[in-house]
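# Reading the structure
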Amino acid sequence: MSSDALKGRIILITGASRGIGYAAGVACAKRGATVIGLARTVSGLEKLDDEIRSVGGQTTLIPVDITQEEAIGRLPAVLDERFGRLDGVILNAGILGPLTAVSEVLGKEWHETFTMNLHVNLAMLQLLHPLLQKSESGRVAAVTSRAGRVFKPFWGPYAASKAALDALIKTYAAEQETGAIRANLLDPGPTATAMRELAMPGEDQSKLTPPEIIGECLADMVEASYTDNGEMVVVPRADGT
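An account of the accompanying structure is given in this report.

### As for the packing of aromatic side chains
As enumerated under the stated definition, the model contains 2 aromatic pairs in all. Between W110 and F114 the ring centres are 4.9 Å apart and the planes differ by 25°, which places this aromatic pair in the stacked class. One end of the pair is W110 and the other is F114, both in helix α5 (residues 107-133) and 4 residues apart, which spans about a single turn. Relative to Y158, the ring of W155 has its centre 5.9 Å away and its plane inclined at 70°; by these criteria the two rings are edge-to-face. Looking at W155, the relative accessible area reads 13%, which means it is buried. Residue placement shows K152 over the ring face of W155; its charged tip is 4.5 Å from the ring centre.

Structure below.
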């Protein structure tokens, strides 16, 4: 990792106002990237902007609900006019959804979970693909979960949506083999985030991986020198399991 390994690169991050997305934004900025942060929470984006500027970085904030098709549909033209390309996209935004038995999941809850964890990521890939093609080394890194591979009771919507995300990203990666774009997945493992606290209330978060470590991993994956494609990076769990 070089302190200027992302110098001149333009990196877009979803869910950038807190947790892993926030940490990835700071990590990318410290390596010289111009960070485009997307999130619904304006206060979190402003905090990110303050921190990035404190380390001499550059950021563009886009407060947006990425589940709204009309709102994100305007992104490509805006980004193309201002930047002309994207060098990296970190697909981090996601929700836990209901922790309940498959036999009791409400259709509305299932739909909401899949909308954020899968459908939004498909939409972002489709919208941003032309901008990634304008880069000499476009990179996509999507945050997934072990829950999509190791199935536990009551995690149905989240697990199914992450398993589908894995298939989506790996298929997209396979389609890029002959081009300059590379796409990969990152499984951060148990991380000290608000989502983890919601899933595991009362858990000692000091024993979990801090978001900053995951942010650095994601920054690695959007460097031009990162040439793996269609792979899944699994961050070692802090507890060694």
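Here the narrative resumes.
### Describing the state of the cysteines
Summed over all chains, the structure comprises 0 disulfides. Take C28: it sits in no disulfide, and the sulfur closest to it among the cysteines is that of C217, at 12 Å.

### A short note on the environment of K7
Inspection of the secondary structure puts K7 in the segment before β1 (10-14). Other than its neighbours up to four places away in sequence, K7 contacts R31, G32 and A33.

### Thoughts on the packing of helix α4 (residues 75-82) against α5
For the pair α4 and α5, interaxial distance at closest approach is 10 Å and the crossing angle is 25°. With respect to α5, the axis of α4 lies roughly parallel. Relative to α5, the crossing made by α4 is right-handed. Taken together, the residues of α5 that come into contact with α4 (itself represented by L75, P76, L79 and D80) are M124, L127, L128 and L131. Grouping the constituent residues of the contact of α4 with α5 by class yields 7 nonpolar, no polar and 1 charged.

### Focus on the side chain of S161
Checked against the element boundaries, S161 lands in helix α6 (residues 156-175). There is a polar contact of 2.8 Å between the side chain of S161 and the backbone oxygen of Y158. Residues contacting S161, with those up to four places away along its chain left out, are T113, F114, N117 and L118.

### A closer look at the pairing of strand β3 (residues 58-63)
Strand residues, when the strand is regular, have side chains that alternate between the two faces of the sheet. Here strand β2 (residues 34-39) pairs with β3 via 6 bridges, running parallel. Among the inter-strand pairings, I36 is bridged to a residue of β3, identified as T60. The parallel pair β2 and β3 is bridged by helix α2 (residues 42-54), and the resulting crossover is right-handed.

### A closer look at helix α8 (residues 211-221)
Among all positions in α8, only P211, I214, G215, L218, A219 and M221 are buried. The arc enclosing the buried residues of α8, seen along the axis, measures out at 155°, which places them on a common side. Looking at the buried residues of α8, the elements they touch are α1 (19-30), β4 (88-91), β5 (139-143), β6 (182-187) and β7 (232-234).

### Observations regarding the environment of H119
Locating H119 in the fold gives a position in helix α5. Take H119: its relative accessible area is 38%, and that puts it in the partly exposed class. Taking the C-alpha atoms as reference, H119 lies 20 Å from I62; in sequence the two are 57 residues apart.

Parameters at a glance
- Residues numbered from 1 in each chain as written.
- Predicted model: local features only at pLDDT ≥ 70, side-chain atom pairs only at ≥ 80, totals over all residues.
- Heavy atoms only, no water.
- Phe/Tyr/Trp six-rings, centres within 6.5 Å; stacked < 30°, edge-to-face > 60°.
- Helix = DSSP H or I, 4+ residues; strand = E, 2+ residues; numbered from the N terminus.
- Buried < 20%, exposed > 50% of the residue type's maximum accessible area, 1.4 Å probe, protein only.
- Lys NZ or Arg CZ within 6 Å of the ring centre and 35° of its normal.
- Disulfide = S-S within 2.5 Å.
- Contact = heavy atoms within 4.5 Å.
- Axes fitted to C-alpha atoms, helices over the stretch in contact; angles between N-to-C directions.
- Parallel < 35°, antiparallel > 145°, perpendicular 65-115°, else oblique.
- Left-handed = near helix turned anticlockwise from the far one by under 90°.
- Nonpolar A, V, L, I, M, F, W, Y, C, P; charged D, E, K, R; others polar.
- Polar contact = N/O pair within 3.5 Å; in protein donor to acceptor, adjacent residues only side chain to side chain.
- Pairing = 2+ DSSP bridges.
- Right-handed = clockwise from strand over helix to strand, strands pointing away.
- Arc of directions from axis to C-beta.

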